Amino acid sequence: MWPFDSGYPVLRPEDVGGLPGGTAGTVLASRLSEHSGVSVLILERGPIADTWGNSVPLISGSLRPDTLAKKTMSAPFAHGNKREVIMVRAEGLGGGSCINGMLYNRGVPGDYNRWAEMGHPEWGYEKMLPHFLKSETSFSHPASKFRGKTGPWVNQKFPNSLYRSISCAKTAAYSLGIPSVPDFNDPSVPAICIWDVDVLQNHGRKRVSVFHAFLPRNVAEARKKHLKICPESLVQRVVFQKGSNGRPLAIDVEFMSADPKKGGKLFFAKARKEVIVCCGAMGSPQVLMLSGIGPAKHLRSHGIEVVFDSPGVGSYFKDHIGLPLVWSTPVEDSLRILLAKPWRAAIEIVKYLVTGGGIINPRNIPDIEITPIPIDGVDPREDFVVPKGTFSFLLTLLNPKSTSTVRLKSADPAEYALCDIGMMSDPADFGAMYKGVRLSLRMAEEMKKQGYPFEGELLVPKSESDKDIEAFMREHARTTYHYSSSCRMARLNDAESPGVVDDELRVHGVDGLRVCNTSVSPDIIAAHPMALAVVMAEKCADMILLSR
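Predicted model, so just to flag it, every value in this text is computed and none were measured. (Residues numbered from 1 in each chain as written. Predicted model: local features only at pLDDT ≥ 70, side-chain atom pairs only at ≥ 80, totals over all residues. Heavy atoms only, no water.)

Draft legend 1. Local environment of the packing of helix α11 (residues 430-449) against helix α12 (residues 466-476). Their axes nearest at 10 Å, the elements α11 and α12 cross at an angle of 100°. Regarding the angle of α11 to α12, the classification is roughly perpendicular. Residue-level inspection shows Phe-430, Met-433, Tyr-434, Val-437 and Arg-438 of α11 in contact with α12, the latter providing Asp-466, Ile-469, Glu-470, Met-473 and Arg-474. Split by residue class, the contact of α11 with α12 holds six nonpolar, no polar and four charged. (Axes fitted to C-alpha atoms, helices over the stretch in contact; angles between N-to-C directions. Helix = DSSP H or I, 4+ residues; strand = E, 2+ residues; numbered from the N terminus. Parallel < 35°, antiparallel > 145°, perpendicular 65-115°, else oblique. Contact = heavy atoms within 4.5 Å. Nonpolar A, V, L, I, M, F, W, Y, C, P; charged D, E, K, R; others polar.)

Draft legend 2. Representation of the sheet that holds strand β11 (residues 248-257). Spatially, three strands are ordered β10-β11-β12 in an open sheet, and the strand pairing comes out antiparallel. Of all strands in the sheet, those bounded by a partner on one side alone are β10 (233-242) and β12 (267-270). When the angles between neighbouring strand axes are averaged without regard to direction, this sheet yields 30°. Both β11 and β12 contribute to a ladder of four bridges, which runs antiparallel. Bridge pairing in β12 links Asp-252 to Lys-270. (Pairing = 2+ DSSP bridges.)

Draft legend 3. The arrangement of the confidence of the model for the chain in detail. On average, residues of the chain score 87 in pLDDT, and 87% of them reach the 70 mark or higher. With pLDDT under 50 throughout, residues 12-17 is counted as low confidence; its partners more than four residues away or in other chains account for 17 contacts. Counting contacts from residues 338-352, a segment whose pLDDT is below 50, to residues more than four positions away or on other chains yields 50 contacts. (pLDDT = per-residue confidence, 0-100.)

Draft legend 4. Structural detail: the sheet that holds strand β4 (residues 136-138). Read across the open sheet, the three strands follow the order β4-β5-β8; overall the sheet is mixed. What marks the edges here is a single partner per strand, and that holds for β4 and β8 (198-199). Across the face of the sheet, helix α4 (residues 125-135) comes into contact with β4 and β5 (153-157) while running at roughly 65° to β4.

Draft legend 5. Examining the packing of helix α3 (residues 109-117) against α4 more closely. At a closest axis distance of 8 Å, the pairing of α3 and α4 adopts a crossing angle of 125°. The pairing of α3 with α4 is recorded here as oblique in orientation. For the pair α3 and α4, contact is made by Pro-109, Tyr-112, Asn-113 and Trp-115 and by Tyr-125, Met-128 and Phe-132, respectively. Of the residues that constitute the contact of α3 with α4, the class distribution is six nonpolar, one polar and no charged.

Draft legend 6. Spatial organisation of helix α8 (residues 280-290). Of all the eleven residues making up α8, ten are buried; the element is thus mostly covered by neighbouring parts of the structure. Taken residue by residue, α8 has Ala-281, Met-282, Gly-283, Ser-284, Pro-285, Gln-286, Val-287, Leu-288, Met-289 and Leu-290 as its buried positions. Of the residues trailing α8, Gly-292 is marked for its positive phi of about 95°. (Buried < 20%, exposed > 50% of the residue type's maximum accessible area, 1.4 Å probe, protein only.)

Draft legend 7. The packing of aromatic side chains, seen in detail. Inspection of the entire model under this criterion finds 13 aromatic pairs. Each ring, one from Phe-184 and one from Trp-195, has its centre 4.6 Å from the other, and the planes form 15°; the classification is stacked. Residue Phe-184 is located in the loop between β6 (180-181) and β7 (193-196), and its partner Trp-195 is located in strand β7; the two are separated by eleven residues in the primary sequence. Considered together, Phe-184 and Trp-195 belong to a single accessibility category, that of buried residues. Among the aromatic side chains, those forming a connected cluster through ring pairs are Trp-327, Phe-391, Phe-393, Tyr-452 and Phe-454. A cation over a ring is seen here: Arg-488 above Tyr-316, with NZ or CZ 4.5 Å from the ring centre. Across the ring face of Trp-123, the terminal group of Lys-539 is positioned such that the distance to the ring centre comes to 5.1 Å. (Phe/Tyr/Trp six-rings, centres within 6.5 Å; stacked < 30°, edge-to-face > 60°. Lys NZ or Arg CZ within 6 Å of the ring centre and 35° of its normal.)

Listed below in structure tokens is the structure:
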């Protein structure tokens, strides 16, 4: 019954005989299916999120078990006091864009120019910019050479906060000499600045996921002759045969219903041209390994026949390190008011304070991000229950050196892969975080000077010494769900870490198979990754169409 049911046109596994429908996969399917001569099949593990509730930010962004956000636990966090932390992936057409914080943050030119310097000239900023422009419509910024006005994906700014704490945090940053910029996606902005976020909401303040923007119901209906969408389908593996050149060639995708109650009947989708894996930075290496592409010893340990020994698969996983510092506040000035008074469930748009080493960083890439939020920002795993209101500075390391791994738990596709988190394994990650913690504490002191009524410290280091900050980090550092680089674009024998795909996102060692999402990033960018995922899909679609 409306508003919870959907009339979206879909196929069920038993109706078919791919392409997963995450953030990048949804955009890629939309762009490819603009051409009636291109047939596209989407195999999505989750449902179609075409309901009223999935357009409401406070509902769709919840981590409750009945949402599109699916949680799994990491391996014990070796450099985080052996803690397990929650890893989150989205299951539903549109992927992470259906559940995340809705931030449109491209990253600075230096991020992409660094990729070009690493040997990927077609992925530099000037090469990427046209794809950013193609996808975007900005409601809040004037037309310019770096802001789009005609794309399907809309964003806007909401400069006025409902919470006094957020306004005070911004004033505190001003008092410390941090300048404000009107548009952080402007390529000329300094690395040290304050900015109001661009939020992916329409004029009605509804979430604009890539599902809503690129594959709404009317588009799916108009293209259903050559665009087939099969939700609640669990991919088992990509099937290969020996090609005419002697190399493995992707020919089929083996899948079944994701609902275990519907039995284990296998289905096969034949790929006339190619298969594109778009399962995110956690899921994409899992699909490759289940298909026989990955570290040979690891595959054999799970009884999987090796198609191609690719040691880089799942071996360079990165994420931004998050660290919450939390204070007690009046409950009326916190999102905790929603627990006491649901009628106050207004949408709060926080402001982001970004600071970095712009003076000594020739690429002008920020090192850290400090986010004021009117609630605690701790990992959901932590036993942190406070009856009062809370305010946090969520400190984020944007250029981590530490890497993690993604490996199979078993050969069962239904069992999520295991992430062995390597955060803080590289000592270079501590320096910027020490400075970020001290800056956060200074801003909190400035807020107190303005008269902001903090009621106490709930989660801060014992002191500002390096030793105490390090101990605090090891106990409370968390993932930010900005997963990247687990199937990185690089040469197969790259000195940093073996590559998995080439510059056209084709998987090394086989034919007819690509990967398209943030897992192919040569290195993590100093930004929230959703805009990058969309642009990777835009670029991949152009490459595929040009190769036809």
